[in-house]
Amino acid sequence: MTFWVELIIAVLRILFPAVIAEATPRQEDARPQPQLRRKLQERIRRTWGPAALIVATLCLGGCARTIYIPHGEPVRLRETVKDAKVWVMGADGQAVAGVMDLPEGWYALPAEEN
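What counts and what doesn't
- Residues numbered from 1 in each chain as written.
- Predicted model: local features only at pLDDT ≥ 70, side-chain atom pairs only at ≥ 80, totals over all residues.
- Heavy atoms only, no water.
- Helix = DSSP H or I, 4+ residues; strand = E, 2+ residues; numbered from the N terminus.
- Buried < 20%, exposed > 50% of the residue type's maximum accessible area, 1.4 Å probe, protein only.
- Contact = heavy atoms within 4.5 Å.
- Areas by Shrake-Rupley, 256 points an atom, 1.4 Å probe, with all protein chains shown as cover.
- Patch = residues over 30% accessible without salt bridge, like charges linked within 9 Å, V, L, I, M, F, W, Y side chains within 5 Å.
- Salt bridge = Lys/Arg side-chain N within 4 Å of Asp/Glu carboxyl O.
- Pairing = 2+ DSSP bridges.
- pLDDT = per-residue confidence, 0-100.
- Phe/Tyr/Trp six-rings, centres within 6.5 Å; stacked < 30°, edge-to-face > 60°.

### Here we look at the overall build of the chain
Part 1 of the argument: Along the backbone of the chain there are three helices and four strands.
Part 2 of the argument: Counting helices and strands in the order they occur from the N terminus, the chain gives α-α-α-β-β-β-β.
Part 3 of the argument: Split into buried and exposed, the 114 residues of the chain put 4% on the buried side.
Part 4 of the argument: In the chain, 42% of the contacts between residues at least 6 apart in sequence involve partners at least 24 apart.
Part 5 of the argument: Surface exposure of the chain reaches about 11200 Å², of which carbon and sulfur atoms provide 63%.

Following this line, the structure appears as structure tokens:
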């Protein structure tokens, strides 16, 4: 039994320094390689260029669903609108510019023009 333990220990003593030396970065590994970088960029452009164009065309081409809401119909806010610019009535009945958060769940509709 001790023979096998000693054999394993001897093998590990040989392998560990080799593995550690291989894993340690060398100075030539860290040097910038502009030619390799250009080759990789060109390969990515060739591979992903047409695919990116197709994806952009599909996404920007109106594949999303649009719902038409007639003028004057109220809508309910799905999320809070931060720092919305609003008009509020002052004490003298005049419209005053203000800023507030419109909470989720509130209804919004356009003002009727008279």
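### As for unusual backbone geometry
Part 1 of the argument: In this model, Asp 83 sits at a positive phi of 50°, which is unusual for a non-glycine residue.
Part 2 of the argument: Position of Asp 83 among the secondary structure elements: in strand 2 (residues 81–89).

### Considerations on a nonpolar patch on the surface
Part 1 of the argument: Nonpolar side chains collect at one region of the surface, where Phe 3, Trp 4, Leu 7, Val 11 and Leu 15 lie side by side and expose about 510 Å² of accessible area between them.
Part 2 of the argument: Locating Leu 7 in the fold gives a position in helix 1 (residues 2–23).
Part 3 of the argument: Under the relative-accessibility criterion, Leu 7 is labelled partly exposed at 37%.

### A short note on the pairing of strand 2
Part 1 of the argument: Strand direction decides the pairing type here: strand 2 and strand 3 (residues 95–102), joined by seven bridges, are antiparallel. What sits directly across from Trp 87, in strand 3, is Ala 97.
Part 2 of the argument: The turn joining strand 2 and strand 3, which pair antiparallel and follow one another in sequence, is formed by five residues; a positive phi near 85° is taken by Gly 93.

### Side note on the confidence of the model for the chain
Part 1 of the argument: Confidence in the prediction for the chain averages 77 pLDDT; 69% of positions are at 70 or higher.
Part 2 of the argument: Mean pLDDT across the secondary structure elements of the chain bottoms out at helix 2 (residues 27–30), with 58, and peaks at strand 3, with 92.

### With respect to the packing of aromatic side chains
Part 1 of the argument: Inspection of every chain in the model, using the stated rule, returns one aromatic pair.
Part 2 of the argument: With 5.3 Å between their ring centres and 70° between their planes, Phe 3 and Trp 4 make a pair best called edge-to-face.
Part 3 of the argument: Note on Trp 4: relative accessible area 53%, which makes it exposed.

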